[in-house]
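Single-letter residue listing:
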Amino acid sequence: MTRKTVLGEVREVQLAIELIGLGARLQFLEAEVGLSRERLIRLYKEIKGVSPPKGLLPFSTDWYMTWLANIHSSMFYNIYQFMKIHSDEEKVWILIKSYKLYLQQIAAQDSEPILDFTRAYTMVRFFDSDMLQLSTCSRCAGQFVAHAHDHKSGYVCVLCRPPSRAGKARGAKRGAVAGIAGDGMVFGVEPALEGGLH
């Protein structure tokens, strides 16, 4: 039986606070944080002022294939991949830092995030389960989220071949895409991240 320590419990509470602040659902908290369900619910209410939302986690990979969601998902997952290679931290902290970096990039474009934290977490699980893959666009060479085992040769991304309805998006969404796509859609992360990689 593992003996609990005070410092270990403090770290668990800090992790739970970080995750709740980012919008993590209760199911995710129970899976990643070693606190009881009752304590997590109490903590959630203290931070958010409301009870945690109920309902199932996303269970389909199709959401990540729609035009705008695919752009944001691809951006996040490229950041996550970079962090995973260059950081020796636990997976959950890599996920947290990657999502914060994604939010920073979106805020820098004066846009709104499309990918919420629960969907980001679920997407990573889909990659781990070999349900999604990154495919390289044959035109721009960017790496985009695609269904696993799709043909990679001749793949064209949603930016190089946007759907006809893409131009009819609302202003905020148009701004998001224009801002993100304006830099040539290179999903790279500068090594000089604020605070460095730990």
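In what follows, the accompanying structure is described. All values derive from a computational prediction rather than experimental measurement.

1. A closer look at the overall build of the chain
Counting secondary structure elements, the chain contains 7 helices and 2 strands. N-terminal to C-terminal, the α/β element order of the chain is α-α-α-α-α-α-β-β-α. Burial statistics for the chain: of 198 residues in total, 42% are counted as buried. Taking the intrachain contacts of the chain between residues at least 6 apart in sequence as the baseline, contacts between residues at least 24 apart amount to 57%. Approximately 11400 Å² of the chain is accessible, and the part contributed by carbon and sulfur atoms is 52%.

2. Observations concerning the packing of aromatic side chains
Overall, the coordinates contain 11 aromatic pairs when judged by the stated rule. With centroids separated by 3.9 Å and ring planes inclined at 80 degrees, the aromatic side chains of Phe28 and Tyr121 adopt a geometry described as edge-to-face. Remark: Tyr121 occurs in helix α6 (residues 117-128) and Phe28 occurs in helix α2 (residues 26-32); sequence separation between them is 93 residues. Each member of the pair, Phe28 together with Tyr121, is buried.

3. What about the nonpolar core?
Nonpolar side chains tend to gather and get buried jointly when the protein is soluble and globular. Counting 41 residues, the largest nonpolar core has Leu19, Leu29, Phe76, Phe117 and Met123 as the members making the most contacts within it. Beyond its immediate sequence surroundings of up to four residues, Leu29 is in contact with Ala16, Leu19, Ile20, Ala24, Leu40 and Tyr44. Counting 11 residues, the second-largest nonpolar core is a separate cluster that includes Trp67, Phe144, Cys157 and Ala166.

4. Some remarks on the pairing of strand β2 (residues 143-147)
Note: strand β1 (residues 132-136) against β2, 5 bridges, orientation antiparallel. Note on β2: the bridge partner recorded for Gln133 is Ala146. In this antiparallel pair of consecutive strands, β1 and β2, the connection spans 6 residues, and Ala141 shows a positive phi of 70 degrees.

5. Quick notes on α6
Taking 1.5 Å per residue as the helical rise, α6 with its 12 residues ought to reach 16 Å, and the 17 Å between its terminal C-alpha atoms agrees with that figure. Counting buried positions along α6 gives 9 out of 12 residues, so the element sits mostly inside the fold. For α6, the complete set of buried residues consists of Phe117, Thr118, Ala120, Tyr121, Thr122, Met123, Val124, Phe126 and Phe127. On its buried face, α6 is in contact with α1 (6-22), α2, α4 (67-86), α5 (91-108), β1 and β2. With a side-chain oxygen positioned 3.2 Å from the backbone nitrogen of Thr118, the residue opening α6 is Asp116. Note on α6: the residue one or two positions beyond its end, Asp130, has a positive phi of about 60 degrees.

6. Some words on the layout of surface pockets
What the second largest pocket holds in volume is close to 300 Å³. Among the elements that line the lining of the second largest pocket, the one with the most residues is α1, at 6 residues.

7. Looking at α1
In this model α1 runs 25 Å from its N-terminal to its C-terminal C-alpha over 17 residues, within 8% of the 24 Å that 1.5 Å per residue would give. For α1, every residue scored as buried is listed here: Gly8, Leu15, Ala16, Leu19, Ile20 and Leu22. One side of α1 carries all its buried residues, which in axial view fall inside an arc of 155 degrees. Exposed residues lying more than 90 degrees from the buried face of α1 are Val6, Leu7 and Gly21. Looking at the buried side of α1, the elements it contacts are α2, α3 (37-48), α5 and α6.

8. Re the pattern of salt bridges
Here the idea is simple: oppositely charged side chains can pair when their charged atoms come close. In this structure the tally under the stated criterion is 5 salt bridges. Glu30 serves as the salt-bridge partner of Arg37, at 2.9 Å between the closest nitrogen and oxygen. In this structure, the salt-bridge partner of Glu89 is Lys97, at a minimum N-O distance of 3.1 Å. The partly exposed category is assigned to Glu89, whose relative accessible area is 24%. By relative accessible area, Lys97 is classed as partly exposed at 26%.

Each value, and the rule that gives it
- Residues numbered from 1 in each chain as written.
- Predicted model: local features only at pLDDT ≥ 70, side-chain atom pairs only at ≥ 80, totals over all residues.
- Heavy atoms only, no water.
- Helix = DSSP H or I, 4+ residues; strand = E, 2+ residues; numbered from the N terminus.
- Buried < 20%, exposed > 50% of the residue type's maximum accessible area, 1.4 Å probe, protein only.
- Contact = heavy atoms within 4.5 Å.
- Areas by Shrake-Rupley, 256 points an atom, 1.4 Å probe, with all protein chains shown as cover.
- Phe/Tyr/Trp six-rings, centres within 6.5 Å; stacked < 30°, edge-to-face > 60°.
- Core = buried A, V, L, I, M, F, W, Y, C linked by side-chain atoms within 4.5 Å.
- Pairing = 2+ DSSP bridges.
- Expected span 1.5 Å × (residues − 1).
- Polar contact = N/O pair within 3.5 Å; in protein donor to acceptor, adjacent residues only side chain to side chain.
- 1 Å grid on protein atoms, 1.4 Å probe; cavity = no way out; pocket = protein on both sides within 12 Å on 5 of 7 lines; lining within 4 Å.
- Points joined across faces, edges and corners; volume = space filled by probe spheres on them.
- Arc of directions from axis to C-beta.
- Salt bridge = Lys/Arg side-chain N within 4 Å of Asp/Glu carboxyl O.

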